[in-house]
Amino acid sequence: MSETLILCATTRLAQTLRGELPAEQPLAEQGRVWRTRQALTLGQWLGTLADEALLSGIAAVPSTLDPYAEGLLWEEVIGASLTEAAPLFDLPGMATAAADAHALCRVWNLAPGGDLLSDEARLFIGWQAAFVKRCQQHGWLDAAGVQEQLLVLLEAGHFALPQRLILAGFDRLTPLEERLATALTARGVAVEIGLDSGVDRSSRQVLACADSAAECAAVAAWAAEKLAANPACRLGIIAPNLAGVRDRLEFLLDDLLHPILIRPDAAALPRCFNFSLGRSLAELPLIALALDLLALGNGRRKLEQARLSALLLAGGWAAAQGEADGRAQLDAAMRRDLAYFTTPLALLRLAEWLAEDAEPLCPQTTAGLAGLCEVLGESAERRLPGEWSGIYKRALRAAGWPGDRPLSSPEFQARRAFLEVLDGFGRFDGLLGKLSANVAVRRLRELCQQRLFQPETRGRPALQVLGVLESAGLQFDALWVMGMNDDQWPPAPRPNPLLPAELLRAAGAAHASAEVELDFARRVHARLLASAPEVHFSWSRADGNRVLRPSPLLAGLPLAVDAPAAAKMPAASQFTAAACECLDDAQAPPVGEGEKVAGGSWLLRAQAICPAWAYYQYRLGAAAMDTPVEGLDPAARGTLVHQSLEVLWQALESSQVLRALNAAQRQAAIADAVAQAITIFEEAQRIKLPARFRQLEAARLERLLAVWLDVECRRDGEFTVIAREQEVDLEIEQIRVKMVVDRIDELADGRQVIIDYKTGAAVDFKNWAGQRLTEPQLPIYAALVADEFAAVVFAKVLLDKPAFAGVADEKDLLPGVQGIGDEKQKIFDPAEFPDWIAVITHWRERLHAIACEVKAGRAGVVFADERALQYCEVLPLLRLPERRRLLAEAAGVSAFAAVPS
């Protein structure tokens, strides 16, 4: 054993000390060769003692339960005690609390007992006895128990010990650690507490920031300024709530210190900073993908289509790069043709069906998916975790995991860590027994969630971002401690609920009380003050609407005079106004001779609302992906209403037939129309609705149609339905418009009523009197197709407030529809629209004007009301945030003309 051993509070401190040149090294030898410091954590050192005991035959140390195995055993013990009620409880959470309570009892010498125990404490005592009994039966022992047993052997005079031992980075010693120090001293070992830092404390200051975002920005700017002045300096950033600020801080540091990382091919380049907080192995994309693939099982279990879509579009398996386009096309087909809940086997059948008329979209991908399902399908029976481990390796190989591109260094390390977890899955055969396929994947996922992953860092980063505990014993050239608010520091007490609070407070156990946490925070605060010659503390004034206060431990420290200058992002500096060329993207190429523009009335509608919408969607062909929904989406329900009304009026034909029906006959006609409509819908969509769902949808439609026929019966005069779902094909300014008119009624005098069914509550026809017709379908037919017509209306087919809405040549022609010239009519100004002819002329002019815009290539991001873009499929292409920024920069310019057009 080395003459000096340094026992460290954290693994990070041990690694740091092993990499440093010892201070006692002779100057003549420095820079050449030196002996690595013996720096270990307490657990690592006791592990070497356990190996020594085993090899020398001193004693047979029981097998140590790792945290996951210990949690499983606690779950089993607690579940057995709760019997039938076990499924009602959070067993993993209770097991975690029990394991923590058991460790506290060992480390702090606690022995709960007496007549005044709470029900929880009594339950824990029973669980603890059963846990210890199970461990003794199988030769297991928890980690704290192993340490206690090794300490007994050490006190008995066993093991080779160092001459000198230094306890480094311990903010306070537990009774178990104090007992170790006493035993070592009794064995003649010189025990010292802490390493001498000798830090000058001349620079200490406190900065108040507006909020957490401003605090992160100040910290990142400080780090960039320090590293720019001295790239070799050692910097530290410490945050009590590191998990809460990690992502924001990491993005800022990336932007400031490594702007090249904005390039996709530079994502894996090494950083000059390192976060001590590792991520769960299960959160890493490559490992999450592997777990999701294994969760597919034999491919017969239904799951949400979104999960299959995510797998299809993810890299990391089969030919992810080579077949990326084919995968995207298969994903689009799945969204269009498969149900919300579907199976991997259904996806494979869809791929085969698509390949009948064309080249296969992604043959390697489908072969990988089929191979995965085949391997997992061979293992239908329950198996031990060790057996599942081998099956999972074969299944992932069949799926082509981890993909067809070279792995980055972090990905390679993550894959290695995952395979280690898989290899070790068999260690739980005795605890878990035989598992079903679903439970096996769940347990494997739990193991990966518990395994923290931190990629190996090359060299020693100049900047370390740490939690409070991970910073123990480390020294820096400059240090920034952020998040120093009174709700974070000192931390709130968290006494274990399974142990008596009085017992915990009396022992001074960790997190037992506010007094214990305050004492701990003061010790850490003093240590941080001595960790660097320059120490900055910061706190946030507010979190949203909540006012925050500084930690009381900051009292007495001088306030910062100036905050660090806000650093300008290198990426943003490349896009200054002087360096950018402004392009007028509001003008698209005009419609060429012979060019066909699809979209019909929807094209004119989009052009009227926002020209860019019309250009992107109908001329360039951009469209939103289909979004699968469970059951029927609003569009499908609307289609069913249209189809039901079409079939119904095909049978009724006129108001005379409708009024001649009695209640039973009317209901029978409605039921027959709905049944036919659902059948037609199923055939068109190539689906079969579940029987119960079909029954419920039929009842909804029958109730809706019955309410609507009551509205039809209130119409004055007779009418005949002369057209249902009539297709119309015409040209406006050489723009072909193809549309479908829901229904045309002929009145007794030969005039016509044009009707468009609406199943949504919002119906807007006020725009018919404006310059831009945002609901142009009915005006198109009225102004450019029909000859003699008396009204243009929407039929609001709703259970709540069904009605006609629109405009007519005269009043009382339809219930609730006002006529031109009627005093109650407020939409068409009598001065501008004195008669029906004026309305038709206005529509004709405005429709031709909008069509001319399309023909001329007008495509600016121009609109009157952003709410009108609610159903725009190409909304991301409109770059509305950029438009808002331009509006803010050009104050005083109208919203409609803010973007050049």
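Residues numbered from 1 in each chain as written. Predicted model: local features only at pLDDT ≥ 70, side-chain atom pairs only at ≥ 80, totals over all residues. Heavy atoms only, no water.

Any chance you could explain the overall build of the protein chain here in plain terms?
Helices and strands together make up the secondary structure of the protein chain, namely 30 helices and 24 strands. Structurally, the protein chain occupies a C-alpha span of about 120 × 65 × 60 Å along its principal axes. Looking at the protein chain as a whole, 46% of its 901 residues are labelled buried. Sequence-distant contacts, at least 24 apart, represent 75% of the contacts inside the protein chain between residues at least 6 apart. Placing the 91 positive and 115 negative side-chain charges of the protein chain at their respective mean positions leaves the two points 4 Å apart. (Helix = DSSP H or I, 4+ residues; strand = E, 2+ residues; numbered from the N terminus. Buried < 20%, exposed > 50% of the residue type's maximum accessible area, 1.4 Å probe, protein only. Contact = heavy atoms within 4.5 Å. Lys, Arg positive; Asp, Glu negative; His and termini not counted. Charge placed at Lys NZ, Arg CZ, Asp CG, Glu CD.)

Before we go on, may I ask you to explain the side chain of Asp742 in this structure?
Relative to the elements of secondary structure, Asp742 occurs in strand S20 (residues 735–747). Residues contacting Asp742, with those up to four places away along its chain left out, are His642, Ala723, Arg724, Glu725, Ile755, Asp756 and Tyr757.

Is there a simple way to explain the nonpolar core in this structure?
Inside soluble globular proteins, nonpolar side chains tend to come together where they are buried. Trp45, Ile287, Tyr392 and Phe418 are the most contacted members of the largest nonpolar core, which has 112 residues in total. The next biggest cluster of nonpolar side chains, apart from the first, holds 39 residues, and it includes Leu640, Leu652, Ile670 and Val817. (Core = buried A, V, L, I, M, F, W, Y, C linked by side-chain atoms within 4.5 Å.)

What exactly am I supposed to notice about the pattern of salt bridges here?
Pairs can form between side chains of opposite charge once their charged atoms are near each other. Taken as a whole, this structure holds 52 salt bridges when the rule is applied. Salt-bridge contacts for Arg106 lead to Asp142; the nearest nitrogen and oxygen are separated by 3.1 Å. On the criterion of sequence distance, the pair formed by Arg106 in helix H4 (residues 91–107) and Asp142 in the loop between strand S4 (140–141) and helix H6 (143–155) is long-range, its members being 36 residues apart. A salt bridge links Arg394 to Glu378; its shortest N-O distance comes to 4.0 Å. A residue pair is termed long-range when its members are at least 10 positions apart, and Arg394 in helix H15 (residues 385–399) and Glu378 in the loop between helix H14 (363–377) and H15 qualify at 16 residues. Several salt bridges share partner residues, and in doing so they unite Glu75, Arg442, Arg443 and Glu446 into one network. (Salt bridge = Lys/Arg side-chain N within 4 Å of Asp/Glu carboxyl O.)

I would appreciate a short explanation of the environment of Arg234 in the present structure.
By the secondary structure assignment, Arg234 is in the loop between helix H8 (212–229) and strand S8 (235–238). Note: C-alpha distance between Arg234 and Val439 (205 residues apart in sequence) is 47 Å. Those residues in contact with Arg234 that lie beyond four places of it in its chain are Glu20, Arg460, Ala462, Gln475, Phe476, Asp477 and Ala478.

Where do I start with the sheet that holds strand S21 (residues 752–758) in this structure?
Hydrogen bonding along the main chain pairs the strands of a sheet, whether they run parallel or antiparallel. Across the sheet, which stays open at both edges, the six strands sit in the order S19-S20-S21-S22-S23-S24 with mixed pairing between neighbours. Lying at the two open borders of the sheet, with one neighbouring strand each, are strand S19 (719–732) and strand S24 (818–819). Pairing analysis gives six bridges linking strand S22 (residues 789–796) to strand S23 (residues 803–808), with the strands arranged antiparallel. For Ala795, the partnering residue across the bridge sits in S23 and is Phe804. Sheet contacts for helix H29 (residues 836–856): S19, S20, S22 and S23; angle to S22, the most-contacted strand, approximately 65°. (Pairing = 2+ DSSP bridges. Axes fitted to C-alpha atoms, helices over the stretch in contact; angles between N-to-C directions.)

What am I meant to see in the packing of aromatic side chains here?
Two aromatic rings are characterised by how far apart their centres lie and by the angle between their planes. The final tally for this structure, using the stated rule, is 17 aromatic pairs. Note on Trp74 and Phe124: the rings are 6.2 Å apart at their centroids and 20° apart in plane angle, and the pair reads as stacked. On the criterion of sequence distance, the pair formed by Trp74 in helix H3 (residues 67–82) and Phe124 in helix H5 (residues 119–138) is long-range, its members being 50 residues apart. Each of the two residues, Trp74 as well as Phe124, counts as buried. Look at Tyr615 and Tyr616: their rings are 5.8 Å apart centre to centre, the planes differ by 55°, and that puts the pair in the tilted class. (Phe/Tyr/Trp six-rings, centres within 6.5 Å; stacked < 30°, edge-to-face > 60°.)

What am I meant to see in helix H26 (residues 663–685) here?
For H26, spanning 23 residues, the distance from its first C-alpha to its last is 33 Å, which sits close to the expected 33 Å at 1.5 Å a residue. Along H26, the residues that are buried comprise Arg666, Ile670, Ala673, Val674, Ala677, Ile678, Phe681 and Glu682. Those residues of H26 hidden inside the fold are in contact with helix H24 (634–652), helix H25 (655–660) and helix H27 (691–713). A positive phi of about 55° marks Arg686, the residue just after H26. (Expected span 1.5 Å × (residues − 1).)

What's the story with the sheet that holds strand S7 (residues 203–209) in this structure? I'm lost.
Within the open sheet, the six strands sit side by side as S7-S16-S15-S8-S14-S9. Their pairing is parallel. With one partner strand each, in any of the chains shown, S7 and strand S9 (273–275) form the two edges of the open sheet. The average angle at which neighbouring strand axes cross in this sheet is 15°, direction not considered.

Help me understand unusual backbone geometry, please; the structure alone is not making it clear to me.
Most peptide bonds take the trans configuration, and most residues that are not glycine carry a negative phi. Along the chain, Trp401 connects to Pro402 via a cis peptide bond; the corresponding omega equals 15°. The omega angle of the peptide bond from Trp489 to Pro490 is 0°, so this bond is cis rather than trans. Position of Pro490 relative to the elements: it lies in the loop between strand S15 (478–481) and helix H19 (501–507). Positive phi is not limited to glycine here, since His511 has a value of about 65°. Among the secondary structure elements, His511 is positioned in the loop between H19 and helix H20 (514–529). Given a relative accessible area of 28%, His511 falls into the partly exposed group.

Sorry if this is basic, but what is going on with the confidence of the model for the protein chain here?
Do not read the predicted coordinates in detail wherever pLDDT is low. Looking at the protein chain, pLDDT values average 89 and 94% of them are 70 or higher. Here residues 893–901 is modelled with pLDDT under 50, and outside its nearest four sequence neighbours on either side it reaches 23 contacts, counting other chains as well. (pLDDT = per-residue confidence, 0-100.)

Just to check I follow, could you spell out the environment of Glu853 for this structure?
On the secondary structure map, Glu853 appears in helix H29. For the pair formed by Glu853 and Leu604, sequence separation is 249 residues and the distance between their alpha carbons is 9.5 Å. When neighbours within four sequence positions are excluded, Glu853 is seen to be in contact with Gln607, Pro611, Arg772 and Arg858.

Whenever I open this one, the pairing of strand S6 (residues 190–193) confuses me. Can you help?
Successive side chains on a regular strand alternate, one facing one side of the sheet and the next facing the other. Of the pairings in the sheet, the one linking strand S5 (residues 164–168) to S6 comprises four bridges and is parallel in character. Paired with Leu167 across the bridge in S6 is Ile193. Note on the crossover from S5 through helix H7 (residues 175–186) to S6: the handedness is right-handed. (Right-handed = clockwise from strand over helix to strand, strands pointing away.)

I keep staring at the packing of H6 against H7 and nothing clicks. Help me out?
For any two helices packed against each other, one specifies the crossing angle of their axes together with the interaxial distance. At their nearest, the axes of H6 and H7 sit 10 Å apart, and the two run at 20° to each other. Put simply, H6 runs roughly parallel to H7. Two packed elements cross with a definite hand, and for H6 against H7 that hand is left-handed. Within the contact between the two elements, H6 uses Gln147, Glu148, Leu151, Val152, Leu154 and Glu155 and H7 uses Leu176, Arg179, Leu180, Ala183 and Leu184. Of the residues assigned to the contact of H6 with H7, the class counts are seven nonpolar, one polar and three charged. (Parallel < 35°, antiparallel > 145°, perpendicular 65-115°, else oblique. Left-handed = near helix turned anticlockwise from the far one by under 90°. Nonpolar A, V, L, I, M, F, W, Y, C, P; charged D, E, K, R; others polar.)

Before we go on, may I ask you to explain the packing of H8 against helix H9 (residues 242–257) in this structure?
Running from amino to carboxyl end, H8 crosses H9 at an angle of 35°, the nearest separation of the two axes being 9 Å. Judged by the sense of rotation from one axis to the other, the crossing of H8 with H9 is right-handed. Contacts from Ser212, Ala213, Cys216, Ala217, Val219, Ala220, Ala221, Ala223, Ala224 and Leu227 in H8 reach Val245, Arg248, Leu249, Leu252, Leu253, Leu256 and Leu257 in H9. Across the contact of H8 with H9, the residue classes break down as 15 nonpolar, one polar and one charged.

Got a minute to help me understand H27 in this structure?
In a regular helix each residue adds 1.5 Å, so 23 residues correspond to 33 Å; H27 covers 33 Å between its end C-alpha atoms and thus fits that length. Within the sequence span of H27, burial applies to Glu697, Ala698, Leu701, Leu704, Leu705, Trp708, Leu709, Val711 and Glu712.

Hey, could you run me through the environment of Arg172 in this one?
For Arg172, the position within the fold is in the loop between S5 and H7. For the pair Arg172 and Asp519, spaced 347 residues apart in sequence, the C-alpha to C-alpha distance is 9.7 Å. If near-sequence neighbours (up to four positions away) are discounted, Arg172 is found in contact with Trp108, Glu177, Gly508, Ala509, Ala510, Val516 and Arg523. A polar contact of 3.2 Å, which involves the side chain of Arg172, links it to the backbone oxygen of Gly508. (Polar contact = N/O pair within 3.5 Å; in protein donor to acceptor, adjacent residues only side chain to side chain.)

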